[in-house]
Amino acid sequence: MKLRSLSPRTIEVLVGLLATLCLSLGLLLYALNEPQRIQAATLQQQTVDLDGAMTLYAENCSVCHGLAGEGIGATPALDRQPLRDMDPVEMAKVIARGRFNTAMPAWSQPDGGPLSDYQIDQLVLLVQKGDWPATRDRVVNLGLAPRVPFTTQADPAILEQIKTLPDGEQIARGVTLYAEQCVACHGADGAGSNLAPALNAETTRARSIDEITRIINSGVAGTLMSAWSSKL
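The rules behind each value
Residues numbered from 1 in each chain as written. Predicted model: local features only at pLDDT ≥ 70, side-chain atom pairs only at ≥ 80, totals over all residues. Heavy atoms only, no water. Core = buried A, V, L, I, M, F, W, Y, C linked by side-chain atoms within 4.5 Å. Buried < 20%, exposed > 50% of the residue type's maximum accessible area, 1.4 Å probe, protein only. Contact = heavy atoms within 4.5 Å. Helix = DSSP H or I, 4+ residues; strand = E, 2+ residues; numbered from the N terminus. Salt bridge = Lys/Arg side-chain N within 4 Å of Asp/Glu carboxyl O. Polar contact = N/O pair within 3.5 Å; in protein donor to acceptor, adjacent residues only side chain to side chain. Patch = residues over 30% accessible without salt bridge, like charges linked within 9 Å, V, L, I, M, F, W, Y side chains within 5 Å. Areas by Shrake-Rupley, 256 points an atom, 1.4 Å probe, with all protein chains shown as cover. Axes fitted to C-alpha atoms, helices over the stretch in contact; angles between N-to-C directions. Parallel < 35°, antiparallel > 145°, perpendicular 65-115°, else oblique. Left-handed = near helix turned anticlockwise from the far one by under 90°. Nonpolar A, V, L, I, M, F, W, Y, C, P; charged D, E, K, R; others polar. Expected span 1.5 Å × (residues − 1).

Novice: Describe the nonpolar core, and please don't skip the residues or the numbers.
Specialist: Among the nonpolar cores identified, the biggest contains 29 residues, and Tyr-57, Ile-95, Leu-123 and Leu-126 are the most heavily contacted of them. Setting aside chain neighbours within four positions, we find Leu-123 in contact with Ala-53, Leu-56, Tyr-57, Cys-61, Ile-95 and Leu-115.

Novice: Tell me about unusual backbone geometry, and name the residues and values.
Specialist: The phi torsion at Asp-167 lies on the positive side, around 60°, for a residue other than glycine. Judged by its relative accessible area of 59%, Asp-167 falls in the exposed class.

Novice: Tell me about the environment of Arg-97, and please be specific about residues and values.
Specialist: Relative to the assigned elements, Arg-97 resides in helix α4 (residues 88-97). The sequence separation of Arg-97 and Tyr-118 amounts to 21 residues, and the corresponding C-alpha distance is 15 Å. Among residues more than four places away in sequence, those in contact with Arg-97 are Pro-105, Ala-106 and Asp-111.

Novice: Could you give me a rundown of the pattern of salt bridges, with the residues and numbers involved?
Specialist: Going through the model one piece at a time under the given rule, you end up with five salt bridges. Across the pair Arg-84 and Asp-79 runs a salt bridge, and its minimum N-O distance is 2.8 Å. Owing to a relative accessible area of 28%, Arg-84 belongs among the partly exposed residues under this scheme. Residue Asp-79 is classed as partly exposed on the basis of its relative accessible area, which comes to 36%. In this structure, the salt-bridge partner of Glu-90 is Lys-93, at a minimum N-O distance of 3.6 Å. Here Glu-90 and its partner Lys-93 are both found in helix α4, three residues apart, which amounts to about one turn of the helix. Note on Glu-90: relative accessible area 37%, which makes it partly exposed. Among the residues examined, Lys-93 registers a relative accessible area of 36% and is labelled partly exposed.

Novice: Give me the side chain of Ser-108: which residues, what numbers.
Specialist: Note on placement: Ser-108 falls in the loop between α4 and α5 (117-129). Setting aside its immediate chain neighbours within four residues, Ser-108 contacts Ile-95, Ala-96, Gly-113, Leu-115 and Ile-120.

Novice: How would you explain the side chain of Thr-204 if you had to name every residue and give the values?
Specialist: Of note, Thr-204 is situated in helix α9 (residues 202-205). Here the side chain of Thr-204 touches Ala-198 through a polar contact of 3.2 Å, landing on its backbone oxygen. Other than its neighbours up to four places away in sequence, Thr-204 contacts Ala-198, Leu-199 and Ile-212.

Novice: Can you tell me about a nonpolar patch on the surface, naming the residues and giving the values?
Specialist: Residues Leu-6, Ile-11, Val-13, Leu-14, Val-15 and Leu-17 make up a contiguous nonpolar surface patch of about 550 Å² in total accessible area. Tracing the chain through its elements places Leu-14 in helix α1 (residues 8-60). The class for Leu-14 is partly exposed, based on a relative accessible area of 46%.

Novice: Describe the environment of Thr-135, naming the residues involved and giving the relevant values.
Specialist: Note on placement: Thr-135 falls in helix α6 (residues 132-141). Residue Thr-135 is classed as buried on the basis of its relative accessible area, which comes to 0%. Along the chain, Thr-135 and Leu-67 lie 68 residues apart, while their C-alpha atoms are 7.2 Å from each other. Apart from the residues within four sequence positions on either side, Thr-135 is in contact with Met-54, Tyr-57, Leu-67 and Leu-126.

Novice: Give a description of the packing of α4 against α5 that names residues and reports values.
Specialist: Direction vectors running N to C along α4 and α5 enclose 120°, while the axes themselves pass 9 Å from each other. In terms of orientation, α4 and α5 fall into the oblique class. In this structure, α4 meets α5 at a crossing whose hand is right-handed. Contacts from Pro-88, Met-91, Ala-92, Ile-95 and Ala-96 of α4 reach α5 at Ile-120, Asp-121, Leu-123, Val-124, Val-127 and Gln-128. Considering only residue class, the contact of α4 with α5 consists of nine nonpolar, one polar and one charged.

Novice: Could you give an account of α5, with specific residues and numbers?
Specialist: The end-to-end C-alpha distance of α5, which contains 13 residues, comes to 18 Å, matching closely the 18 Å that a straight helix rising 1.5 Å per residue would cover. Within α5, the full set of buried residues consists of Ile-120, Gln-122, Leu-123, Val-124, Leu-125, Leu-126, Val-127 and Gln-128.

Here you go:
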């Protein structure tokens, strides 16, 4: 007995079923591969963000927090486990808005700082998952390492010499405070840095005592100079 030839309608149905089967298999294979694809894309984006974060850190943070997040004087270290375990949303808030009663200013653009939300998220990623030795190299390679080494502890011998000067006791206390609180931003010998202007300059000396006192007490709006009246 001869088989009847397939009708055009039957052929269309068979082709449709075959196409549906191929599409289903394709979707299944895509779904099986999706977690690996997402993971690879996430790691790639993380690499890009960490690279950008190292440059941001070098340009904005290293002068206070150290070349490799080790901290300087009263400025805390960033390379430590409690910060790696911290809620990233809370850390982003600290960077964005600053920390009251400390020298940590607000960095987000809505709060008067220079950084976008995306850049702040990059810095959070650096603190929690970054490579600090590589960050140190980035700071150095960009030429942003302090050219003049500074210390956060005044030399006792020099302090004793200062005390022999007129108003020496008060000046010695000022030198100690500067070393502990100001040197990271304003630089060794008050020479300034990429974050803060030089204090050892004629333009600063020309200001009145009242004006300098007001700036230290209240800070300067639109800059990283925070108010120190509640800390000093």
